[in-house]
Amino acid sequence: MLRDNPPDLSIDETRYYQPSIFLTIKTMAASQTLPLHTKMLMPQAGINRAFALVYACAILALLYHHFIGLLHSASMVSIFLLLADSVLAFMWATAQAFRMYPTCRQVFIEHLEHYAKEEDYPGLDVLICTADPYKEPPMGAVNTALSVMAYDYPTEKLSVYLSDDGGSKLTLFAFMEAARFAAHWVPYCRKNKVVERCPKAHFGSSNTHRFPETDQLQTMYQSMEERVENVVKTGSISHDYITKEEESEALSRWTDGFLPQNHPPVVQVLLENGKDKDVSGHGVPNLVYVSREKSRDSPHHFKAGALNALLRVSATMTNAPLILTLDSDMYSNDPQTPLRVLCYLLDPSMDPKLGYIQFPQIFHGINKNDIYGGEMRHILQALLPGMDGLGGPMFIGTGCFFRRKVFYGFPSETPEMYQNRQVSHSIKSREVLAMAHHVAGCKYENQTKWGKKIGFRYGTLVEDLYTGCLLQSEGWKSVYCNPKRPAFLGNSPINLHDCLNQTMRWSVGLLEVAFCKYSPITYGVRYISLLSGLCFAHSTFWAIWAIPITIYAFLPQLALLNSTSIFPKTSNPWFWVYVALFLGAYGQECLEYILSGGSIQKWWNYQRAWMMRGISGFSFGLVEFLLKSVGISSFGFNVTSKVVEEEQSKRYQQGIFEFGVASPIFLPITTAAIINLVAFLSCIAQAWKLRSIEDVFIQMLLAGFGVVNCWPVYEGMVLRTDKGKMPTKITFISIILAWVLYLVSSLAL
């Protein structure tokens, strides 16, 4: 057996689906009259191209102005401004690649019956990842698993695998409970054609239609939820909760020596199709718990390592040709999502090199005006459709359907057996379980190509973007499927601290990709396409937004405090170049945001949150990456907490910023807020006294713009008394830092 390849169990025969000549003729005829999907270039493409040409001329003119100024009088101020504007120009130029071919698609599920029968649908393995029962409550993962187990898809072709990278018996217990509840939940959903198949969403919705069994199912769900939450709270499992000897035996593996970072592999089959039945007597999908082996002596490669372990375990058990990856909190919101995927995979007009179908990452529970920009609407609704018109969108970590074969090589090199081989032994058989435990071992990948050429790729904290980029470099294509009803819904951070820390983690991972051997700016533009490579490059260089945002948040304001003019006067023609560039960039982004369904208020909050991420999360990430590059720091993966406190949730729903934590990550924001406010007030006082602000008008506008954006910060520092206010310690340190910056600037300017 080649360890670089999917495990060969050598069990019985290999079976392939070979459609009859009649079905083939029928499919060819249907494709001409009943399409499975349509693709259309969005009308704004022409406008985007024309605007890009005009705006590019303005950028070149500004850069020319900077260079001429440097030749006549070089200073640190002019160098910093040139650096800021050069980075802005680079990020703008790479962003235009998204806008050249924006594409929208539509699928026709009702036409599927003309292309394939249900028994001919490909198998689907769902891979769900969780890592910490205290940061990611097990009930979240349970709801996600139950929502996909109830898909409108042949039960015998559906399998759900959970990776518990925290190696917690609490999570295993939660899924034992889920297995019992699934026997009632799956037939209930299918019988009553329930749309919201996540139990929590279904029972919590005010629009839920009540069926005869609804009250009974809700009572069962609440009882399960109470048991699971009680177990997590106490950290132990009562013997009263264990109903089967098999469950007791599985939980007995957690001995005193079983630690989250040092334990043997655990593969527990909780439900097996063909043997386990639901309450109506029909089969249920396979449900398998996996906790890969951990050892302090072996690298674990974070989420990518967990996904690769699931990839191998699922290959030993079901080896479905389709794979869906999901985060533990990203539950299914549309039971017909797999059928939408088949509309691409079974369409004869599609490129045979189609490797994956990506759905947008939509979040529920976002407050009315989305104060932290958590919807990421501009990225998901405006930019990713632009990639769909090129080689296809990037992989964004969750809500993505893959052909299994994409993980084993180039389109022209993938052996047929990897996509079609079916396992005929019981997934509870001794041989299958032995192989599953073997491939979940931490030594299995040693001296192999796993993580390099096979599976999800290692070397960065953003394994999703990196894997998608390399797959497209190998020749695979992708599709962006964005239906009106979101296919998946997940949780977004509801406090600023978590948002900024998440941004910092992304920044480190993205820069790892930007400066690696397979950087999109060098490798990607050659092996994918120029425009697709630029799209990936734009994303990987996100962290350098910190440079211009930080410079423009501090330098003009400090110069203003020192009565130094650094921009053209209002009477100078170059003044209008600055105004045109600012209004052009902001106007285009605002228009795209509104056209995607957002509001003016949400857009304003989105740009403010982006400024905060830039000056704080991106800046910290950039510094962390530089320290890591020289061996000073070793940044690890921290799971974003999904636990929600009641008081914090109330403030969030009221649109109140949540600070609360005395974290250094707030210091750049609070320091900038103080400097901008003082600079703006001093300029107003100067204008009142001298009756002239022509020399510093742009600086005054920038300071005023900063003050307006920082209003929630001022509230948190001065006006609020609740637990979510800005800690006094952070405010005091910020005042000192602002004073130091002013003293330094007074010597340098």
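Residues numbered from 1 in each chain as written. Predicted model: local features only at pLDDT ≥ 70, side-chain atom pairs only at ≥ 80, totals over all residues. Heavy atoms only, no water.

Draft legend 1. Representation of the nonpolar core. Ranked by internal contacts, the top residues of the largest apolar core, which has 149 residues, are Leu 124, Val 126, Tyr 151, Trp 185, Ile 357, Phe 488 and Val 713. The leading source of residues in this core is helix α5 (residues 169–192), at 14 residues. Not counting chain neighbours up to four residues away, the residues in contact with Tyr 151 comprise Leu 124, Leu 158, Arg 190, Arg 197, Leu 324, Ser 332, Asp 334, Pro 335, Thr 337, Pro 338, Phe 401 and Phe 488. The next biggest cluster of nonpolar side chains, apart from the first, holds 34 residues, and it includes Tyr 408, Ala 440, Ile 454 and Trp 476. (Core = buried A, V, L, I, M, F, W, Y, C linked by side-chain atoms within 4.5 Å. Buried < 20%, exposed > 50% of the residue type's maximum accessible area, 1.4 Å probe, protein only. Helix = DSSP H or I, 4+ residues; strand = E, 2+ residues; numbered from the N terminus. Contact = heavy atoms within 4.5 Å.)

Draft legend 2. Layout of the confidence of the model for the protein chain. With 92% of its residues at a pLDDT of 70 or more, the protein chain shows a mean pLDDT of 90. Every residue in residues 414–419 is under pLDDT 50, and counting partners more than four places away or in other chains gives 13 contacts. (pLDDT = per-residue confidence, 0-100.)

Draft legend 3. Layout of empty space enclosed by the protein. Summed over the entire model, instances satisfying the criterion amount to 1 cavity of 30 Å³ or more. In this structure, the largest cavity encloses a volume near 30 Å³. Forming the walls of the largest cavity are Tyr 372, Leu 496, Cys 499, Leu 500, Ala 609, Met 612 and Arg 613. Residue assignment for the lining of the largest cavity shows that the elements contributing at least two residues are α15 (496–514) and α20 (600–629). In terms of residue class, the lining of the largest cavity is made up of 6 nonpolar, no polar and 1 charged. (1 Å grid on protein atoms, 1.4 Å probe; cavity = no way out; pocket = protein on both sides within 12 Å on 5 of 7 lines; lining within 4 Å. Points joined across faces, edges and corners; volume = space filled by probe spheres on them. Nonpolar A, V, L, I, M, F, W, Y, C, P; charged D, E, K, R; others polar.)

Draft legend 4. Local environment of the sheet that holds strand β10 (residues 362–363). Taken in spatial order, the 3 strands make up an open sheet running β8-β13-β10, and their pairing is mixed. One side of each edge strand has no neighbouring strand; the edge strands of this open sheet are β8 (331–332) and β10. Relative to strand β13 (residues 488–490), β10 runs parallel, the two sharing 2 bridges. When the sheet's bridge partners are listed, Ile 362 is paired in β13 with Leu 489. (Pairing = 2+ DSSP bridges.)

Draft legend 5. Main features of the side chain of Thr 144. Secondary-structure assignment places Thr 144 in helix α4 (residues 138–149). Residue Thr 144 is classed as buried on the basis of its relative accessible area, which comes to 0%.

Draft legend 6. Summary view of unusual backbone geometry. The residue Met 376 is not glycine, and still its phi comes out positive at about 50°. Positionally, Met 376 belongs in the loop between β10 and α11 (377–388). A residue is classified by how much of its surface remains accessible, and Met 376, at 11% relative accessible area, is buried. At Gln 447, a position not held by glycine, the phi torsion is positive, near 60°. With respect to the helices, strands and loops of the structure, Gln 447 is situated in the loop between α13 (430–439) and α14 (463–473). Looking at Gln 447, the relative accessible area reads 81%, which means it is exposed.

Draft legend 7. Representation of the pattern of salt bridges within the structure. Across all of its chains, the model carries 25 salt bridges by this definition. Ionic pairing is found between Glu 647 and Lys 650, a salt bridge with its closest N-O pair at 3.9 Å. Within this pair, Glu 647 and its partner Lys 650 are both found in helix α21 (residues 646–653), separated by 3 residues, close to a single helical turn. Residue Lys 650 is classed as partly exposed on the basis of its relative accessible area of 43%. Each of Glu 177, Arg 180, Arg 227 and Glu 247 takes part in salt bridges that share partners, so that together they form one network. (Salt bridge = Lys/Arg side-chain N within 4 Å of Asp/Glu carboxyl O.)

Draft legend 8. Spotlight on the packing of aromatic side chains. Per the stated rule, a full pass over the model turns up 48 aromatic pairs. For the pair Phe 181 and Trp 185, a centre-to-centre distance of 5.9 Å together with 20° between the ring planes defines the contact as stacked. Taken as a pair, Phe 181 and Trp 185 lie in helix α5 at a separation of 4 residues, close to a single helical turn. Residue Phe 181 is classed as buried on the basis of its relative accessible area, which comes to 3%. Relative accessible area serves as the criterion here: at 0%, Trp 185 is assigned to the buried category. A ring pair is formed by Tyr 356 and Phe 402, whose centres lie 5.3 Å apart and whose planes are at 45°; its orientation type is tilted. A residue pair is termed long-range when its members are at least 10 positions apart, and Tyr 356 in strand β9 (residues 354–358) and Phe 402 in strand β11 (residues 400–403) qualify at 46 residues. Residues Tyr 356 and Phe 402 agree in their burial class; the two are buried. Taking the ring centre of Tyr 101 as reference, the NZ or CZ of Arg 49 above it sits at 4.7 Å. Directly above the ring of Trp 450 sits Arg 312, whose terminal nitrogen or CZ lies 4.8 Å from the centroid. (Phe/Tyr/Trp six-rings, centres within 6.5 Å; stacked < 30°, edge-to-face > 60°. Lys NZ or Arg CZ within 6 Å of the ring centre and 35° of its normal.)

Draft legend 9. Molecular detail of the pairing of β11. On β11, burial covers both faces: Cys 400 and Phe 402 on one face and Phe 401 and Arg 403 on the other are all buried. Bridge count between strand β7 (residues 322–327) and β11: 4 bridges; the pairing is antiparallel. Among the inter-strand pairings, Leu 324 is bridged to a residue of β11, identified as Phe 401.

Draft legend 10. Quick look at the sheet that holds strand β3 (residues 124–130). A sheet is described by the order of its strands in space; here 8 strands give the open sequence β5-β6-β4-β3-β7-β11-β9-β12, paired in mixed fashion. In this open sheet, the two edge strands, each paired with only one partner strand, are β5 (266–271) and β12 (477–480). The average undirected angle you get between the axes of adjacent strands in this sheet is 20°. The pairing of strand β4 (residues 158–164) with strand β6 (residues 286–291) spans 5 bridges and is classified as parallel. Residue pairing for β6: Val 160 is matched across the bridge by Leu 287. Lying on the sheet, α4 is in contact with β3, β4, β5, β6 and β7; it crosses β4 at an angle near 165°. (Axes fitted to C-alpha atoms, helices over the stretch in contact; angles between N-to-C directions.)

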